[in-house]
Amino acid sequence: MVEHGRAIVVLIALAGCGYIELDAAVDPVRSDVDVQDGEAERPADRGLEDLAADPAPSETSVDASDSRVDTALDAPLGIGPFSAPQEIAGLGDGTDDDPTLSQDLREIYFKRRVSGEARLFVARRTNVGDPFDPPEELRLLGNEEITSPELAPSGLVLHFTASSGGRNRVFRCQRASPSDAWGPAELLAEIRPAGDSFGFSVSQGERFAVYTALRPRDGLEAAERSAVGQAWAPSNALERLNETGTETDVHVAADGLVVYFSRNVPGELDNEIFRASRSSVDQPFGDEEPVPELGANGTDTDPWVSADGRAIVFASRRNGPFRLYAATRSGARF
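These figures come from a predicted structure and were not determined experimentally.

**Some remarks on the side chain of Arg169**
Mapped onto the fold, Arg169 is located in strand β10 (residues 167-174). Buried and without a salt bridge, Arg169 has Glu190 as its closest oppositely charged side chain, separated by 6.9 Å. From its side chain, Arg169 meets the backbone oxygen of Ala189 in a polar contact 3.0 Å long.

**A short note on the packing of aromatic side chains**
Summed over all chains, the structure comprises eight aromatic pairs. Aromatic side chains Phe200 and Trp232 sit 5.3 Å apart centroid to centroid with 80° between the ring planes, which places their arrangement in the edge-to-face category. Of this pair, Phe200 sits in strand β12 (residues 196-202) while Trp232 sits in the loop between β14 (219-224) and β15 (236-237), and the two are 32 residues apart along the sequence. Each member of the pair Phe200 and Trp232 is classed as buried. For the ring pair Phe314 and Tyr325, a centre distance of 6.2 Å and an interplane angle of 25° mean the geometry is stacked. With Phe314 in strand β21 (residues 311-316) and Tyr325 in strand β22 (residues 323-328), the pair connects residues that are eleven residues apart, well separated along the chain. A network of ring pairs unites the aromatic residues Phe200, Tyr211 and Trp232 as a single cluster. Just above the ring of Phe121 sits the side chain of Arg112; from NZ or CZ to the centre is 5.2 Å. The cationic tip of Arg278 hangs over the ring face of Phe208; the distance from NZ or CZ to the ring centre is 4.8 Å.

Reading the values: rules and limits
Residues numbered from 1 in each chain as written. Predicted model: local features only at pLDDT ≥ 70, side-chain atom pairs only at ≥ 80, totals over all residues. Heavy atoms only, no water. Helix = DSSP H or I, 4+ residues; strand = E, 2+ residues; numbered from the N terminus. Buried < 20%, exposed > 50% of the residue type's maximum accessible area, 1.4 Å probe, protein only. Lys, Arg positive; Asp, Glu negative; His and termini not counted. Salt bridge = Lys/Arg side-chain N within 4 Å of Asp/Glu carboxyl O. Polar contact = N/O pair within 3.5 Å; in protein donor to acceptor, adjacent residues only side chain to side chain. Phe/Tyr/Trp six-rings, centres within 6.5 Å; stacked < 30°, edge-to-face > 60°. Lys NZ or Arg CZ within 6 Å of the ring centre and 35° of its normal.

Printed below as a string of structure tokens:
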């Protein structure tokens, strides 16, 4: 989530990732809105083996035009609604948000509040369906704070937000394989050098990205590039989705065809999770809609969705402080 009013300095080094496993019977200053204790906080300063092997999708066009994409959001997948969300077992009793997972669902990174400060944690498990082992804190910058980790579908790139020059900026760490340690953090200098940015989420192939922008304009933005290793082109606002000025915590599906994000609904105190789709990567995103089966009293935010669309993980304050929840569809296991 994005937090308001305080500088978050981060760096990260993490470990471990993987690939996905589903049940054999079945064919996740303002940036993210961190609404804690009833207030919006500004951060000082969330088989797939075959999919991972597929070539990158054709370059995505970020179009803010008014043309409509009338695709039903679940129709291309044909996998129906999500199940009732359940709190993720094994993570303990912290105040947690900003989840991001490996595509095998065996490793989860998230932000946890420790004595009021944002810290990065990771938890792992051997098998899908099992509780996670107790989480471990990852301190890569001493006592500095971090926010908005986003693991690429490949599991080899981790983007996150840290403080640089008085701004919340996007950094990344890379590794050669999921079993290797993370390399040094690098600033993505081309991403909003004069503003703040959070939650840099990339599609498969890592040529299209969405994120939350803050100052001088707020809202959801998208960036693209011609190839991995190239600089990102100047970002474009996703104007159709930026209706209320409270859109945050955006996540793009691995195929680049669906985005999930959080929005504060006018007249309500809590954030809800919305989604929007498009028929191809050359089209703009269509009208957004809430994901009603996830709804409950209390804020829902920071969605992350697996590459096959069958698992969603998000942060919710439905039962008190922020905790992490998961829901599945089409018989998938979590």
